[in-house]
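Okay, here's what each chain looks like letter by letter:
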Amino acid sequence: MVDVTKWPIFSMMGPQELSSIRKACVFGTSANEAVFITKDDEVYVIGLNCSSCLGTGDSQSSIVPKKLDFLSGKKVVSVSYGSGPHILLATEDGELFAWGHNGYSQLGNGTTNQGAAPLLVSANLLNKKVTEVACGSHHSMALTDSGEVYAWGYNNCGQVGSGSTANQPTPRRVSSCLQNKVAVSIVCGQTSSLAVLDNGEVYGWGYNGNGQLGLGNSGNQLTPCRLAALQGLCVQQIVSGYAHSLALTDEGLLFAWGANTYGQLGTGNKSNQLSPLLIMTEKERIVEVAACHSTHTSACKTQSGQVYMWGQCRGQSIVLPLLTHFTCTDDVFACFATPSVMWKLLSMEHDDFLTVAQSLKKEFDNPETADLKFCVDGKHICVHKAILKIRCEHFRTMFQSHWNEDMKEVIEINQFSYPVYRSFLEFLYTDAVELPPEDAIGLLDLATSYCENRLKRLCQHIIKRGITVENAFSLLAAAVRYDAEDLEEFCFKFCVNHLTEVTQTTAFLQINGDLLKDFICRASRCGAFKN
């Protein structure tokens, strides 16, 4: 869990103030400014206030938090910052607010006047719902719920994607190659821009002097250009550092390209890469990558929770991914990045005291307080009948007086394995599931049998993170069998994206005729068999 006090700017705040923080973002040339959102959706700022980036209506710094009344009650979903700094903030309602440095019209209000207080960015965004924002050094981007990308601000290298190098004073839709395409994610380097599409393709534009667009050359791009080197791969997450980029595929593969002065590509040397290069091939599956345009630092997290860092780390150049003791990538930036900014809007949890949920978790499988045992594969699991009745309709029915189980002290379970049933019972105490993907199918079966819809969704999430070419069709078959529509769609898309490899696996060759026929029909409708 993230400890926000690892960022010095929060060290003056007391326990009560810290416990109220729900989301936070630290930014600035020396990480001396921060914006945070409380549990009751109030927005506060603290710090140096360079270029009026705190949005308080003046240029005064503040060592204590100040509330931005203009944003009171707004449910914040995305925040990003530039180098000026300027700030972009998107709300759950799709509104976009901006303030701070505006020397290049990066606030999108058609002027170059500094924004001392939050202003609603509405030009060309009327009836548009913004879901994500991204800032480069002095340019801005916004993503809408329909997958449209808008950009504005400084454009000396084409980072706005308009086809020219003239600054863009208001939001302008990035079209060209992105016309009629659906973007799902956007990121900015200092003077470059990247977007991921719903089919996993990546497009880049802007400055490319260090190869940060991954196009195989170092020429700037005034309009979006597809990264051909990632052809055939489905990119799930992309991040940009000052002048380098990292991409994570849906198979957990990690690619790096661009500037490498500090070893931020993790290749073992300091040579720039003009095209994406596969790294960390000997490590386990990667599930998250981290970088931001203010730093030359890179980090990632593996499926088992290991966190690696490389690049510029407190003045040192780490040229190969280094295993840390951290539990999240955010801690890498708090402790080792220069400046120690946050690479994304951070969500917080608190454990200041033992909550009801934590107390329940502690008592799971505790023979001293339990009044019931389940015997699975010859092993006992100790539980509390009252908790099971409160948490699960299946047990509420089972423990009625006319059921034999209501009188038993030990109940035998034969239809499920010990790891699966233990995970299910533990879920009733914790609302969480810790199970490898290969066992999650059995738990999905149990969740379906017991009509536990939330557990079904958690199982689907675990399975999605563990999908590979080898198991994709088996997972698709399971999703169909257990009526897990969201998982079915995810597995289907994965199979289509990796059609050649999937159709050569043992799992594909062993499927029944009806499922095969249905898959071929659906894939055909998606255009999977076009030349």
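Residues numbered from 1 in each chain as written. Predicted model: local features only at pLDDT ≥ 70, side-chain atom pairs only at ≥ 80, totals over all residues. Heavy atoms only, no water.

As recorded by an unreviewed UniProt entry, the chain carries the name RCC1 and BTB domain-containing protein 1-like and is attributed to Gymnodraco acuticeps.

Brief notes about the layout of surface pockets
How we decide: For cavity detection a 1 Å grid was placed over the protein atoms alone, and a set of points counts as a cavity when a 1.4 Å probe fits there but cannot get out; an open set counts as a pocket when protein lies on both sides within 12 Å along at least five of seven lines, with lining residues being those that have an atom within 4 Å of a point. Grid points are joined across faces, edges and corners, and a volume is the space filled by probe spheres set on the points. Secondary structure counts use DSSP, requiring at least four H or I residues in a row for a helix and at least two E residues in a row for a strand, with both numbered from the N terminus. Three classes are used: nonpolar for Ala, Val, Leu, Ile, Met, Phe, Trp, Tyr, Cys and Pro, charged for Asp, Glu, Lys and Arg, and polar for all others, with Gly counted as polar.
Of the voids in this model, the second largest pocket is the one considered here, and its volume is about 1,100 Å³. In terms of lining residues, the second largest pocket is bounded by 40 residues, among which Asn 199, Gly 200, Cys 234, Lys 493 and Asn 497 are the most central. Elements represented by at least two residues in the lining of the second largest pocket include exactly strand E14 (192–197), strand E17 (235–240), strand E18 (244–249), strand E21 (286–290), helix H8 (453–465), helix H10 (485–497) and helix H11 (499–502). Classifying every residue of the lining of the second largest pocket by side-chain character gives 19 nonpolar, eleven polar and ten charged.

Some details on the side chain of Ser 80
Convention followed: Under the scheme applied here, a residue whose accessible area is under 20% of the maximum for its type counts as buried, over 50% as exposed, and between as partly exposed, the area being computed with a 1.4 Å probe on protein chains only. Two N or O atoms form a polar contact when they lie within 3.5 Å of each other; inside protein one atom must be a possible hydrogen donor and the other a possible acceptor, and for residues adjacent in sequence the pair counts only when both atoms belong to side chains. Contacts were defined at the residue level, with two residues in contact if any of their heavy atoms lie within 4.5 Å.
By the secondary structure assignment, Ser 80 is in strand E5 (residues 76–81). A relative accessible area of 12% places Ser 80 in the buried class. One polar contact links the side chain of Ser 80 to the main-chain amide nitrogen of Cys 135, over a distance of 2.9 Å. Sequence-distant contacts of Ser 80, that is, excluding residues within four places in its chain, are made with His 86, Ile 87, Leu 88, Val 133, Ala 134 and Cys 135.

Considerations on the side chain of Glu 488
On the secondary structure map, Glu 488 appears in helix H10. In this structure Glu 488 comes out as buried when scored by relative accessible area, which is 18%. Sequence-distant contacts of Glu 488, defined by excluding residues within four places in its chain, comprise Leu 476, Ala 479, Val 480 and Arg 522.

Side note on the nonpolar core
Selection rule: The set of buried Ala, Val, Leu, Ile, Met, Phe, Trp, Tyr and Cys residues whose side-chain atoms join them within 4.5 Å is what this entry labels a nonpolar core.
If you look at the biggest cluster of nonpolar residues, it comprises 62 residues, and the most contacted ones within it are Phe 10, Leu 254 and Trp 310. What Leu 254 contacts, discounting residues up to four positions off in sequence, is Leu 246, Ala 247, Leu 277, Leu 278, Ile 279, Met 280, Ile 286, Val 289, Cys 300 and Trp 310. Within the second largest apolar cluster, 60 residues are counted, among which are Leu 388, Phe 395, Ile 441 and Ala 523.

Things to note about the sheet that holds strand E20 (residues 273–279)
This is how it is decided: Whether two strands pair depends on DSSP finding at least two bridges between them. To get an axis, fit a line to the C-alpha atoms, keeping to the stretch in contact for a helix; angles then go from 0 to 180 degrees between the N-to-C directions.
One open sheet accounts for four strands, arranged E17-E18-E19-E20; its pairing is antiparallel. Here the strands that pair on one side only, and so sit at the sheet edges, are E17 and E20. Strand-to-strand, the axes of this sheet are offset by a mean angle of 20 degrees, without reference to chain direction. Looking at chain direction, E18 and strand E19 (residues 254–258) are connected through five bridges and run antiparallel. Looking at E19, one finds that His 244 is bridged to Gly 258.

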